[in-house]
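Observations on chain architecture
Each chain, written out:
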Amino acid sequence: MKAVRYHGPELPFALEEVPKPVAGAGEVLVEVKAAALCHTELHFADGTLNLGVKPITMGHEAAGVIVAVGEGVPAERVGERVIVYYYVGCGDCRWCAAGEEALCDKLQAEFGFISDGGLAQFLKAPARNAVPLPDKLSFEAAAPIGCGVTTAVHAVRLAGVTPGDWAAVYGVNGVGFGLVQLLKHRGAKVIAITRSEARRANAKELGAEVVIDATDATTVAAAVRAATGGAGCDIIFECVGRRETMDACVGWAGALGKRGRLVMVGYTAGDAHEFRYHPIPMVVYEQRVLGSVGASLGDLKEAVELVASGAVSTVVDSVIPLADFQQGLDKIKACDCLGKVVCLPCA
């Protein structure tokens, strides 16, 4: 089968012929109908993420059809439309017991990170990781749920969003569009911050009350303060992770208000983009900083329900054959896409 393969940092991805996986006991084999590209792939390519596992197949946002099952899995699941949850925990640690497999002490698999992922024609996974999809969701619309919406669901849950909160999304595209819609659905007053005029317009259509041009990051904090009556935001979801974007959030006159929560979702490589701040404003304002990674299986199930109900929609920029994956990654790197780029492995 064809698969997009990673061979190490700063080496090009390659579309290669690899053996088709076989479902083992407790597993299903999914024929991947659509797989979304993510900025994570760029982090692997440039060495920002180097987990020491190679070669592997990339991709962690895959939807398709179960075509075979292993021992112990009901045969009736063959033909089921599914989206694949990309973490496989040990099942024994306290994090797995709490349903938070992304924090598992002994991860067994993480598709597209430390084990073969979904940018391929077939993907095998534990049966519990294959979450059913309603027939009304196309595979192209469903694939971006796997990270673009689940990451938003998880981050919003950790942040403790309540109705009436001023919530800013700094960096708006795949996950950002999911955050804007989910925050609106939760009753927050949403501010979308991005350099892209097209993304600001789309965020407005998706429910943002205020949109702010982030071309000059030094103007962002004042714009947020003005929009919130001088108070600043209750919550900021930082999806960029650059020094200038983080600096805009914190400090005496930063965009984050009193008892505000700064949720770190995105990151950028290099010492130049370390998060640094003086603690005095944070102490005096009683602010909190927290990280948010991935999602739980429960988050994925909730995300599917949200999209199926119409409360949240995935935003797809383009749909391309798997063979053109590099064109899609180049588009993401150039910030030249509005939403997700989705690959069709069987095209």
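Residues numbered from 1 in each chain as written. Predicted model: local features only at pLDDT ≥ 70, side-chain atom pairs only at ≥ 80, totals over all residues. Heavy atoms only, no water.

Convention followed: UniProt positions are given in the numbering used here, feature names are shortened, and annotations may be inferred rather than shown by experiment.
Looking up the protein in an unreviewed UniProt entry gives the name Enoyl reductase (ER) domain-containing protein, with the organism given as Polarella glacialis. Quoted verbatim from the Cofactor (unreviewed entry) heading of the UniProt record, the comment on the protein is "Zn(2+)". Here the protein is described in UniProt, under the heading Sequence similarities (unreviewed entry), as follows: "Belongs to the zinc-containing alcohol dehydrogenase family."

1. Thoughts on the overall build of the protein
Stated precisely, the cut-off is as follows: A run of H or I in DSSP counts as a helix once it spans at least four residues, and a run of E counts as a strand once it spans at least two, with each numbered from the N terminus. Our radius of gyration is a C-alpha quantity, and the globule rule it is checked against amounts to 2.2 Å times the number of residues to the power 0.38. Think of it in three bands: residues with accessible area under 20% of the maximum for their type are buried, residues over 50% are exposed, and the middle band is partly exposed, with areas taken using a 1.4 Å probe on protein chains only. Between two residues, a contact is recorded if the distance between any of their heavy atoms is within 4.5 Å. Positive residues here are Lys and Arg, negative ones are Asp and Glu, while His and the chain termini are left out of the count. Throughout, a charge is located at the NZ atom of Lys, the CZ atom of Arg, the CG atom of Asp or the CD atom of Glu.
Looking only at helices and strands, the protein has 11 helices and 18 strands in total. For a compact globule of 347 residues, the expected C-alpha radius of gyration is about 20 Å, and the protein comes in at 20 Å, within 12% of that figure. Over its C-alpha atoms, taken along the principal directions, the protein stretches across nearly 60 × 35 × 35 Å. Looking at the protein as a whole, 55% of its 347 residues are labelled buried. Here the contacts in the protein between residues at least 6 apart in sequence split such that 72% fall between residues at least 24 apart. Here the protein contributes 32 positively and 39 negatively charged side chains, and the mean placements of these two sets differ by 4 Å.

2. With respect to the sheet that holds strand E1 (residues 2–6)
What counts, and what does not: A pair of strands is labelled paired if DSSP reports no fewer than 2 bridges between them.
The sheet built from 3 strands is open, its strands ordered E2-E1-E4 with antiparallel pairing. In this open sheet, the two strands that pair with only one neighbour each are strand E2 (14–17) and strand E4 (56–57). As paired elements, E1 and E2 share 4 bridges and run antiparallel to each other. In the strand pairing of E2, Arg-5 is matched with Ala-14.

3. Let's talk about the domain arrangement of the protein
Using the following cut-off: Segmentation of the chain into domains, including their bounds, is taken from an automatic or database domain assignment. When two parts are put together, the accessible area they lose, computed with a 1.4 Å probe and summed over both, is reported as buried area.
The domain boundaries assigned to the protein delineate domain 1 (2–133 + 315–344) and domain 2 (149–291). Taken together, the 11 residues of domain 1 in the interface contact 12 residues of domain 2. Around 930 Å² of area is buried between domain 1 and domain 2 when both sides are counted, 56% of it from carbon and sulfur atoms. A per-residue breakdown of the area domain 1 buries against domain 2 is headed by Glu-100, Val-315 and Leu-338, which together make up 41% of the total.

4. Quick word on the side chain of Asp-165
Here is the rule: A 3.5 Å cut-off defines polar contacts: any pair of N or O atoms within that distance qualifies, except that in protein one atom must be a possible hydrogen donor and the other a possible acceptor, and neighbouring residues in sequence count only when both atoms are side-chain atoms.
With respect to the secondary-structure elements, Asp-165 resides in the loop between helix H4 (145–159) and strand E11 (166–170). Polar contacts involving the side chain of Asp-165 include one to the main-chain amide nitrogen of Thr-162, which spans 2.8 Å. Contacts of Asp-165, omitting those with residues within four sequence positions, involve Gly-160, Ala-188, Lys-189, Asp-234, Ile-235 and Arg-261.

5. Thoughts on the sheet that holds strand E12 (residues 189–194)
The condition that has to hold: Only the stretch in contact is used when a helix axis is fitted, and all axes are lines through C-alpha atoms; the angle between N-to-C directions ranges over 0 to 180 degrees.
Taking strand neighbours across the sheet as the criterion, the 6 strands line up as E13-E12-E11-E14-E15-E16 in an open arrangement whose pairing is parallel. Pairing within the sheet leaves two strands with one partner each, and these edge strands are strand E13 (210–213) and strand E16 (288–291). Strand-to-strand twist in this sheet, taken as the mean axis angle between neighbours without regard to direction, amounts to 20 degrees. Pairing geometry for strand E15 (residues 256–264) and E16, over 4 bridges, is parallel. Looking across to E16, one finds that Arg-261 is bridged to Arg-288. Packed on one face of the sheet, H4 meets strand E14 (233–238), E15 and E16 and runs near 145 degrees to E14. The sheet strands contacting helix H6 (residues 197–205) are E12 and E13, and the helix crosses E13 at an angle near 170 degrees.

6. Remarks on the state of the cysteines
Cut-off, in case you're wondering: The definition used for a disulfide is geometric: two cysteine sulfur atoms within 2.5 Å.
According to the stated counting rule, one finds 0 disulfides in the structure shown. As a non-bridged cysteine, Cys-38 has Cys-147 as the owner of its nearest cysteine sulfur, 4.2 Å distant. Cys-346 takes part in no disulfide bond, and the closest cysteine sulfur to it belongs to Cys-343, at a distance of 12 Å.

7. Structural notes on the UniProt feature "domain: Enoyl reductase (ER)" (unreviewed entry) in the protein
As recorded in UniProt, the feature "domain: Enoyl reductase (ER)" (unreviewed entry) lies at residues 8–343. Secondary structure content for residues 8–343 is 29% helix and 25% strand, while the C-alpha to C-alpha distance between its ends is 22 Å.

8. Considerations on the nonpolar core
Threshold: As used here, the term nonpolar core means buried Ala, Val, Leu, Ile, Met, Phe, Trp, Tyr and Cys residues forming a set that is joined through side-chain atoms within 4.5 Å.
Counting residues in each nonpolar core, the largest one holds 87 residues, and the members touching the most others are Ile-145, Leu-183 and Phe-237. A total of 7 residues in this core trace back to one element, the largest contributor, which is H4. Both of domain 1 (2–133 + 315–344) and domain 2 (149–291) provide at least three residues apiece to this core. Within the second largest apolar cluster, 23 residues are counted, among which are Trp-166, Ile-193, Ala-214 and Leu-262.

9. Points about the pattern of salt bridges
Rules: A side-chain nitrogen of Lys or Arg and a carboxyl oxygen of Asp or Glu constitute a salt bridge if their distance falls within 4 Å.
Scanning the model with the defined rule gives 17 salt bridges in all. The residue Arg-157 makes a salt bridge to Asp-299 at a minimum N-O spacing of 3.0 Å. Placement of the pair is Arg-157 in helix H4 and Asp-299 in helix H10 (residues 297–309), with a sequence separation of 142 residues. Taking relative accessible area as the criterion, Asp-299 reaches 2% and is therefore assigned buried. Between Arg-200 and Asp-213 there is a salt bridge whose closest N-O contact spans 3.3 Å. Pair noted here: Arg-200 is in helix H6 and Asp-213 is in strand E13, with a separation of 13 residues, a long-range link.

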